[in-house]
Amino acid sequence: FSHEVWLLLQHANVLANPMCQRLDRQYGIALLQKNFFWAISGTLSAYWSREVCSMLACIPFVQERTQVLLLISSAYHFVKIYGVNQD
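Summarised in this report is the structure supplied together with it. (Residues numbered from 1 in each chain as written. Predicted model: local features only at pLDDT ≥ 70, side-chain atom pairs only at ≥ 80, totals over all residues. Heavy atoms only, no water.)

Remarks on the overall build of the protein
The condition that has to hold: In this text, helices come from DSSP runs of H or I with a minimum length of four residues, and strands from runs of E with a minimum of two, each type numbered from the N-terminal end. The buried label applies to any residue whose accessible area, calculated with a 1.4 Å probe on protein chains only, is under 20% of its type's maximum; exposed applies above 50%, and partly exposed to all values in between.
Regarding its fold elements, the protein presents four helices and zero strands. Listing the helices and strands of the protein from first to last along the sequence gives α-α-α-α. Per-residue burial for the protein yields a buried fraction of 26% across its 87 residues.

Dropping the structure here:
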C-alpha cells in the first residue's frame, strides 16, 4: 500500500505544484524560441524514462490491479518517448 501512495504523491506533486508547471512551461518556450527542439525531446524523454523506471521498480510491491495500471502507464510513456523523438 505504501508504494501505491508513493506513486500517487509522485504524480500529484507535478499536478498540484503550479510553480513547477510554470517553470516547465517557461523553459519549454525558451527552448522553442531558440529552435532547440532536440533539447526539448531529450528533456521530455529523460523525464518520462524516469517515470517509467520508478513505476517498474514498484511493481513487485503493489497489488495486482496496480501492477496492471503501472504496465499500461509504462507502455503509454514509451509511446510518448518514441513519438517525441520522431518529431
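Quick notes on the packing of helix H3 (residues 37-58) against helix H4 (residues 64-86)
For clarity, the cut-off: Between N-to-C directions, angles cover 0 to 180 degrees, with each direction set by a line fitted to C-alpha atoms, over the stretch in contact for helices. Angular relationships are summarised with four words: roughly parallel below 35 degrees, roughly antiparallel beyond 145, roughly perpendicular across 65 to 115, and oblique for the angles in between. Should the near helix be turned counterclockwise from the far one by less than a right angle, the crossing is left-handed, whereas a clockwise turn marks it as right-handed. We call two residues in contact when some of their heavy atoms are within 4.5 Å. When residues are sorted by character, Ala, Val, Leu, Ile, Met, Phe, Trp, Tyr, Cys and Pro go into the nonpolar class, Asp, Glu, Lys and Arg into the charged class, and all the rest, Gly among them, into the polar class.
Relative to each other, H3 and H4 sit at 165°, their axes nearing to 9 Å. In this view, H3 runs roughly antiparallel relative to H4, as classed from their interaxial angle. For the element pair H3 and H4, the recorded crossing hand is left-handed. The residues of H4 that touch H3, namely those facing Ser41, Leu44, Ser45, Trp48, Ser49, Glu51, Val52, Met55, Leu56 and Cys58, are Leu70, Leu71, Ser73, Ser74, His77, Phe78, Lys80, Ile81, Val84 and Asn85. Classifying every residue of the contact of H3 with H4 by side-chain character gives 11 nonpolar, seven polar and two charged.

Things to note about the pattern of salt bridges
As a reminder of what qualifies: Put simply, a salt bridge is a Lys or Arg side-chain nitrogen that is within 4 Å of an Asp or Glu carboxyl oxygen.
All told, the structure shown has one salt bridge when counted by the stated rule. Measuring nitrogen to oxygen at the nearest pair gives 3.3 Å for the salt bridge that ties glutamate 51 to arginine 50. For glutamate 51, a relative accessible area of 3% puts it in the buried group.

Topic: a nonpolar patch on the surface
Formally: A patch is a set of surface residues, each over 30% in relative accessible area and not in a salt bridge, joined within 9 Å for like charges and within 5 Å for the nonpolar side chains Val, Leu, Ile, Met, Phe, Trp and Tyr. A 1.4 Å probe and the Shrake-Rupley method give the accessible areas. Residues count as covered only by the protein chains that appear here.
On the surface, a nonpolar cluster with roughly 290 Å² of combined accessible area is contributed by Val68, Leu69 and Ile72. Tracing the sequence through the fold places isoleucine 72 in helix H4.

Points about unusual backbone geometry
The phi dihedral of asparagine 35 is positive, around 60°, even though this residue is not glycine. Examined against the element boundaries, asparagine 35 turns out to sit in the loop between helix H2 (18-33) and H3.

A short note on the packing of aromatic side chains
As a reminder, the rule being used: Any two of the Phe, Tyr and Trp rings considered here, Trp counted by its six-membered ring, make a pair once their centres fall within 6.5 Å; the pair's planes then place it as stacked at under 30 degrees, edge-to-face at over 60, or tilted in between.
Under the counting rule described, the total for this entry stands at one aromatic pair. Summarising the aromatic geometry, the rings of phenylalanine 36 and tryptophan 38 are spaced 5.9 Å apart at their centres and angled 45° between planes, so their arrangement reads as tilted. Taking the relative accessible area as the measure of exposure, tryptophan 38 reaches 62% and is therefore exposed.

Section: the environment of phenylalanine 37
By the element assignment, phenylalanine 37 lies in helix H3. Using a relative accessible area of 48% as the deciding quantity, one classes phenylalanine 37 as partly exposed. Placed 47 residues apart in sequence, phenylalanine 37 and valine 84 show a C-alpha to C-alpha distance of 9.8 Å.

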